Amino acid sequence: MSISAHLDQVRQAIAAAARAAARPPESVLLIAVSKTFGPDAVITAADAGQRAFGENYLQEALDKKLAISEARPDLALEWHFIGPIQSNKTRPIAENFDWVHAVDREKIAQRLSDQRPADLPPLQICLQVNVSGEDSKSGVSPDDLLPLARAVSVMPHLQLRGLMAIPEPTEDAERQRAPFIQLRQLAQQLREAGIDTDTLSMGMSADMVAAIAEGATMVRIGTAIFGQRDYAK
Ligand SMILES: *Cc1c(COP(=O)(O)O)cnc(C)c1O
């Protein structure tokens, strides 16, 4: 099946999951995760109406963005950096992306704010939270989330939009929901502490339906659109 047929399928699955949760389908933004796929795949998806793209690897993303803007200067795409952030790589991220999803330290946020060019809109930020059961070392712990959110919310060239999580994969639909519920509740706690956000970036190809049921406003979908990734290339 083609990229555009896959995109249609994913859009329909998002709409169905949203309706099942009594939410409007437009309340869930689809981010097409194009890592490991070339500029042509992005252009094909863009021509099929996809606007937001997610990338994990900085150099790959910069090369791809450049190739796309040369081939198709007419395309106005929105770029989301969803990978881990090394502190010595913040400047090109601040200069080349619209959103950053995996901010988990104040130092990284401060550098992104300092390095965001003044002629661009504020960089849109999600804080990555290490939700329960996650082995990975990335993500702020739930206990440290509020102070980090407070610090980021006043940085001049950033706009704090919400929370992001990458739970441990599980096939079990019920177990998929628990970390998403936790992320939604953490956003509620921030709201009660006076920090309003509007974004829950959660859900990938295999757990998107559970994430939408629990309130995801952005799903990050790679495999279901572009196919299996080949990291050997
Ligand atoms: C790769 C990746 C995705 C997409 O995963 P799929 O399972 O291919 O949909 C989403 N979010 C992050 C942070 C990723 O690294």
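**Brief notes about the overall build of the chain**
Looking only at helices and strands, one finds 9 helices and 8 strands in the chain. A globule of 233 residues ought to have a C-alpha radius of gyration of about 17 Å, and the chain, at 17 Å, matches this closely. Along the first, second and third principal axes, the C-alpha atoms of the chain reach 45 × 40 × 35 Å. Counting across all 233 residues of the chain, residues that qualify as buried make up 49%. Within the chain, counting contacts between residues at least 6 apart in sequence, those at least 24 apart form 61% of the total.

**Looking at the packing of aromatic side chains**
Scanning the entire structure with this criterion turns up 3 aromatic pairs. Taking 5.3 Å as the distance between ring centres and 25° as the angle between the ring planes, the aromatic pair formed by F37 and F226 counts as stacked. Remark: F226 occurs in helix α9 (residues 223-226) and F37 occurs in the loop between β1 (29-33) and α2 (39-47); sequence separation between them is 189 residues. You'll find F37 and F226 in the same group, each marked buried. Between F81 and F97 the ring centres are 5.2 Å apart and the planes differ by 75°, which places this aromatic pair in the edge-to-face class. In this pair, F81 sits in strand β3 (residues 78-81) while F97 sits in the loop between α4 (90-96) and β4 (99-103), placing the two residues 16 residues apart along the sequence. Side by side, F81 and F97 carry an identical accessibility label, which is buried.

**A short note on the packing of α2 against helix α3 (residues 58-71)**
Relative orientation of the contacting elements α2 and α3 amounts to 55°, with a least axis distance of 9 Å. Classed by the angle they form, the pair α2 and α3 counts as oblique. In the packing of α2 onto α3, the handedness of the crossing is right-handed. Of α3, the residues touching α2 (which contributes P39, V42 and I43) are K64, A67, I68 and A71.

**With respect to the nonpolar core**
Among the nonpolar cores identified, the biggest contains 64 residues, and L112, I125, L127 and L163 are the most heavily contacted of them. Apart from the residues lying within four places of it in its own chain, the contact partners of L112 are T90, I93, A94, V100, V103, L123, I125 and L158. I31, A52, M164 and M218 belong to the second largest nonpolar core, which has 6 residues in total.

**Overview of unusual backbone geometry**
For A22, which is not a glycine, the phi torsion comes out positive at approximately 55°. Relative to the elements of secondary structure, A22 occurs in the loop between α1 (3-20) and β1. The backbone of T36 shows a phi angle near 75°, a positive value even though the residue is not glycine. Here T36 lies in the loop between β1 and α2. Residue classification places T36 among the partly exposed residues on the basis of a relative accessible area of 23%.

**Brief notes about the site of the ligand**
The ligand sits among 13 residues. The nearest are K35, N56, S205, T223 and R229. Between the ligand and the protein, one listed contact pairs an oxygen atom with a side-chain N or O atom of R229 at 2.7 Å. Relative to its unbound accessible area of 390 Å², the ligand is 90% covered by the protein chains. Within the shell around the ligand, the residues separate by chemical class into 6 nonpolar, 4 polar and 3 charged.

**A closer look at the pairing of strand β2 (residues 52-55)**
Looking along a regular strand, one sees side chains alternate from face to face of the sheet. Residues A52 and G54 of β2 are buried on one face, and the alternating residues F53 and E55, pointing to the opposite face, are buried as well. Pairing between β1 and β2: 2 bridges, direction parallel. Within β2, the residue paired with A32 across the bridge is F53. In this view, the connection linking β1 to its parallel neighbour β2 by way of α2 has right-handed handedness. Inspection of the sheet shows β2 paired to β3 by 4 bridges, in the parallel sense. When the bridges of β3 are listed, E55 appears paired with F81. In this fold, the crossover linking β2 to β3 by way of α3 has right-handed handedness.

**Section: the environment of R229**
Inspection of the secondary structure puts R229 in the segment after α9. Here the alpha-carbon distance between R229 and R91, two residues 138 residues apart in the chain, equals 28 Å. Not counting the four nearest positions on each side in its chain, R229 is found in contact with K35, T36, F37, G222 and T223. Looking at R229, its side chain comes within polar contact range of the side chain of Y231, at 2.9 Å.

Criteria and thresholds
- Residues numbered from 1 in each chain as written.
- Predicted model: local features only at pLDDT ≥ 70, side-chain atom pairs only at ≥ 80, totals over all residues.
- Heavy atoms only, no water.
- Helix = DSSP H or I, 4+ residues; strand = E, 2+ residues; numbered from the N terminus.
- Rg over C-alpha atoms; globule rule 2.2 N^0.38 Å.
- Buried < 20%, exposed > 50% of the residue type's maximum accessible area, 1.4 Å probe, protein only.
- Contact = heavy atoms within 4.5 Å.
- Phe/Tyr/Trp six-rings, centres within 6.5 Å; stacked < 30°, edge-to-face > 60°.
- Axes fitted to C-alpha atoms, helices over the stretch in contact; angles between N-to-C directions.
- Parallel < 35°, antiparallel > 145°, perpendicular 65-115°, else oblique.
- Left-handed = near helix turned anticlockwise from the far one by under 90°.
- Core = buried A, V, L, I, M, F, W, Y, C linked by side-chain atoms within 4.5 Å.
- Near = heavy atom within 4 Å.
- Polar contact = N/O pair within 3.5 Å; in protein donor to acceptor, adjacent residues only side chain to side chain.
- Areas by Shrake-Rupley, 256 points an atom, 1.4 Å probe, with all protein chains shown as cover.
- Nonpolar A, V, L, I, M, F, W, Y, C, P; charged D, E, K, R; others polar.
- Pairing = 2+ DSSP bridges.
- Right-handed = clockwise from strand over helix to strand, strands pointing away.

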